[in-house]
Amino acid sequence: AAGWKWIDFLPGDVAAIATGVNLRGQVVGYSNDGAVFHPWIWQNGQVANLDGLVDRSNGFDGTLNLADDINDFGVITGRATAADGSRIAFVATPIAH
């Protein structure tokens, strides 16, 4: 649909930016609560914190910080913080639930 789409902030956040959109209409970006960044995805009219959607069974115990882009397959790229505090890039591939 044409026109503006207003995306709600994640609860408690005070600022946000959208950084990527795909042909499915999925939008990614990041927001912050004044101290901490939170990566998010907006799809089907709902916004969700990407860090809460991570399948941690692969051993990743860090934190996703920024979502930079999303392709037409739903693959998301961004920045994370590893458990040791180092900054790392991530590629998040959707899985079936």
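Residues numbered from 1 in each chain as written. Predicted model: local features only at pLDDT ≥ 70, side-chain atom pairs only at ≥ 80, totals over all residues. Heavy atoms only, no water.

Structural notes on the side chain of Asn32
Take Asn32: it is sitting in strand S2 (residues 27-32). Here Asn32 falls in the buried class, since its relative accessible area comes to 18%. Only 2.8 Å separates the side chain of Asn32 from the backbone nitrogen of Gly34, close enough to count as a polar contact. For Asn32, the contacting residues outside a window of four places in its chain are Asp13, Val14, Ala15, Phe37 and His38. (Helix = DSSP H or I, 4+ residues; strand = E, 2+ residues; numbered from the N terminus. Buried < 20%, exposed > 50% of the residue type's maximum accessible area, 1.4 Å probe, protein only. Polar contact = N/O pair within 3.5 Å; in protein donor to acceptor, adjacent residues only side chain to side chain. Contact = heavy atoms within 4.5 Å.)

Overview of the layout of surface pockets
In this structure, the largest pocket spans a volume of roughly 640 Å³. Lining the largest pocket are 22 residues, and of these Leu53, Val54, Ala92, Thr93 and Pro94 sit closest to its centre. Of all the elements in the fold, those that place two or more residues in the lining of the largest pocket are strand S3 (37-43) and strand S7 (87-92). For the lining of the largest pocket, the residue count by class is 14 nonpolar, 6 polar and 2 charged. (1 Å grid on protein atoms, 1.4 Å probe; cavity = no way out; pocket = protein on both sides within 12 Å on 5 of 7 lines; lining within 4 Å. Points joined across faces, edges and corners; volume = space filled by probe spheres on them. Nonpolar A, V, L, I, M, F, W, Y, C, P; charged D, E, K, R; others polar.)

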